[in-house]
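As a plain string of letters, each chain reads:
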Amino acid sequence: MYTPDPDRYADMPYRRTGRSGLKLPALSLGLWHNFGPDRPAETQRAILRRAFDLGVTHFDLANNYGPPPGAAESALGDALKADFTHHRDELIVSTKAGYLMWPGPYGEWGSRKYLLSSLDQSLGRLGLDYVDIFYSHRPDPETPLEETMGALHSAVQQGKALYVGVSNYSAEQTREAARILAELGTPLLIHQPRYSMLDRRPEDEGLLDTLDELRVGSIAYSPLEQGLLTGRYLDGIPEDSRAASDSPFLSVDTVTEELVGRLRTLNEIAASRGQSLAQLALAWVLRGGRVTSALIGASSPRQLEDSVAAIGNLEFGEDELARIDAVVKR
């Protein structure tokens, strides 16, 4: 029987999410790639247990995570029942709906029909009465935003979600979503954008400024840029890497000689800080406290431990930031 580490809250920083009362760990565990039937169930449970022992209290999902879609929620549901029954109130469990989940006109996007049906299915797979955060996973260009936000509000009113968020929304869309939700009486808690040293669109397109102004939290996904910032590509493309597979998220063409050169320079900066490249990348996203939390994935407890070690050095000097900028923006 799993017994959590009694010192699990000793080291992890917890950051207030926007103007809410909710605090999230600086690093949260995303269950995107490594929680399907192609991975040993015991390894999945070992990752979740080790995360909780290290103070990672937030497990982030979406309805379509797996593969196949739904598998990650089912895997977490099994683990919650086996290991975390007595610790539900110490956990933040989030899920999303927006991408294709089932065939037909009601299986994706942002209609009330889809979002609330999907949430019911997610709760069934998770074995939970409610999730802590329910997200609209992407904006729907054909459904009025009032309907999508109204569905999120209904999830809270029905007791099926405590908070709501959005993901992949532009600054303008986020501002409008926050306005609609405020009028309904359900504040927008958090935005989940893609953000890393190599992908700075939330900065460049004004999203982070908008979130600061609205006092809405943020949780960055892909802070390691699909593995590019893990150090795996410092000597080219490994045969068992994501870039070498048929993944739609990272292709061989992306990993150019020029990019590998920049990654090596970033790795040198990381070494000068006593960090791995992955730890540097996570610390950079979390610098200054502007981002509430960064999402990490893990295929093993050891990989998880390496990522969590990033919290040991989240401070940057101006010279270090300038060196990173010079590498990334050249």
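Residues numbered from 1 in each chain as written. Predicted model: local features only at pLDDT ≥ 70, side-chain atom pairs only at ≥ 80, totals over all residues. Heavy atoms only, no water.

Caption draft 1: Representation of the overall build of the protein. A count of helical and extended segments in the protein gives eleven helices and ten strands. For 330 residues, the compact-globule formula gives about 20 Å, and the C-alpha radius of gyration of the protein, at 19 Å, lands near that figure. With respect to the principal axes defined by its C-alpha atoms, the protein has extents near 50 × 50 × 40 Å. Relative to its full complement of 330 residues, the protein shows a buried share of 55%. The protein carries 34 positive and 46 negative side-chain charges, and their two centres are separated by 2 Å. (Helix = DSSP H or I, 4+ residues; strand = E, 2+ residues; numbered from the N terminus. Rg over C-alpha atoms; globule rule 2.2 N^0.38 Å. Buried < 20%, exposed > 50% of the residue type's maximum accessible area, 1.4 Å probe, protein only. Lys, Arg positive; Asp, Glu negative; His and termini not counted. Charge placed at Lys NZ, Arg CZ, Asp CG, Glu CD.)

Caption draft 2: Structural detail: unusual backbone geometry. The omega angle of the peptide bond from Gly 66 to Pro 67 is -5 degrees, so this bond is cis rather than trans. With respect to the helices and strands, Pro 67 occurs in the loop between strand 4 (58-60) and helix 2 (71-83).

Caption draft 3: Fine view of the packing of helix 3 (residues 112-126) against helix 4 (residues 145-157). Packing of helix 3 against helix 4 leaves a shortest axis separation of 9 Å and a crossing angle of 30 degrees. Taken together, the axes of helix 3 and helix 4 lie roughly parallel to each other. Where helix 3 crosses over helix 4, the handedness of that crossing is right-handed. Between helix 3 and helix 4, the contacting residues are Arg 112, Leu 115, Leu 116 and Leu 119 on the first element and Glu 147, Thr 148, Gly 150, Ala 151, Ser 154 and Ala 155 on the second. (Axes fitted to C-alpha atoms, helices over the stretch in contact; angles between N-to-C directions. Parallel < 35°, antiparallel > 145°, perpendicular 65-115°, else oblique. Left-handed = near helix turned anticlockwise from the far one by under 90°. Contact = heavy atoms within 4.5 Å.)

Caption draft 4: Highlighting the sheet that holds strand 3 (residues 27-30). Read around the closed barrel, eight strands run 3-4-5-6-7-8-9-10, paired in parallel fashion. Averaged over all pairs of adjacent strands, the angle between strand axes in this sheet comes to 30 degrees, irrespective of strand direction. Summarising the sheet, strand 3 and strand 10 (residues 293-296) pair through three bridges and their orientation is parallel. The residue of strand 10 that forms the bridge with Leu 27 is Ala 294. (Pairing = 2+ DSSP bridges.)

Caption draft 5: Fine view of the pairing of strand 5 (residues 92-97). Taken across its six residues, strand 5 has six buried, putting it largely inside the fold. Residues of strand 5 alternate between two faces, with Ile 92, Ser 94 and Lys 96 on one and Val 93, Thr 95 and Ala 97 on the opposite face, all of them buried. In this sheet, strand 5 lies alongside strand 4 in parallel orientation, the contact comprising three bridges. By the bridge assignment, Asp 60 is partnered in strand 5 with Ser 94. With respect to chirality, the unit in which strand 4 leads through helix 2 into the neighbouring parallel strand 5 is right-handed. Bridging between strand 5 and strand 6 (residues 131-136) involves four bridges; their strand directions are parallel. Note on strand 6: the bridge partner recorded for Ala 97 is Ser 136. One crossover worth recording links strand 5 to the parallel strand 6 by way of helix 3, and it is right-handed. (Right-handed = clockwise from strand over helix to strand, strands pointing away.)

Caption draft 6: Molecular detail of the packing of aromatic side chains. Under the criterion given, the structure shown has seven aromatic pairs. Between Trp 102 and Tyr 114, the ring centres sit 5.3 Å apart and the planes meet at 55 degrees, which makes this aromatic pair tilted. Note that Trp 102 is positioned in the loop between strand 5 and helix 3 and Tyr 114 in helix 3, a separation of twelve residues in sequence. Given a relative accessible area of 0%, Tyr 114 falls into the buried group. Taken together, Tyr 2, Phe 52, Phe 59 and Phe 84 form an aromatic cluster joined through their ring pairs. A cation over a ring is seen here: Arg 138 above Trp 109, with NZ or CZ 3.6 Å from the ring centre. The ring of Phe 316 has Arg 273 sitting right over it, with the charged end atom 3.8 Å from the ring centre. (Phe/Tyr/Trp six-rings, centres within 6.5 Å; stacked < 30°, edge-to-face > 60°. Lys NZ or Arg CZ within 6 Å of the ring centre and 35° of its normal.)

Caption draft 7: Quick look at helix 9 (residues 277-286). The buried fraction of helix 9 amounts to ten of the ten residues, a majority that puts the element mostly inside the structure. Within the span of helix 9, buried status applies to Leu 277, Ala 278, Gln 279, Leu 280, Ala 281, Leu 282, Ala 283, Trp 284, Val 285 and Leu 286. Directly beyond the C-terminal end of helix 9, a positive phi value near 75 degrees is found at Gly 288.

Caption draft 8: Quick peek at the pattern of salt bridges. Applying the stated rule across the entire model yields 23 salt bridges. A salt bridge links Arg 290 to Asp 209; its shortest N-O distance comes to 2.4 Å. Highlighted residues: Arg 290 in the loop between helix 9 and strand 10 and Asp 209 in helix 7 (residues 207-214), separated in sequence by 81 residues. A relative accessible area of 35% means that Arg 290 is categorised as partly exposed. Members of the salt-bridge network, linked through shared partners, are Glu 42, Arg 45, Arg 49 and Asp 83. (Salt bridge = Lys/Arg side-chain N within 4 Å of Asp/Glu carboxyl O.)

Caption draft 9: Structural detail: the pairing of strand 6. With respect to burial, strand 6 is a largely interior element, six of its six residues being buried. Examined bridge by bridge, strand 6 and strand 7 (residues 161-167) share five bridges and lie parallel to one another. Following the sheet pairing, Tyr 135 is matched in strand 7 by Gly 165. Of the crossover connections in this fold, the one passing from strand 6 over helix 4 to the parallel strand 7 is right-handed.

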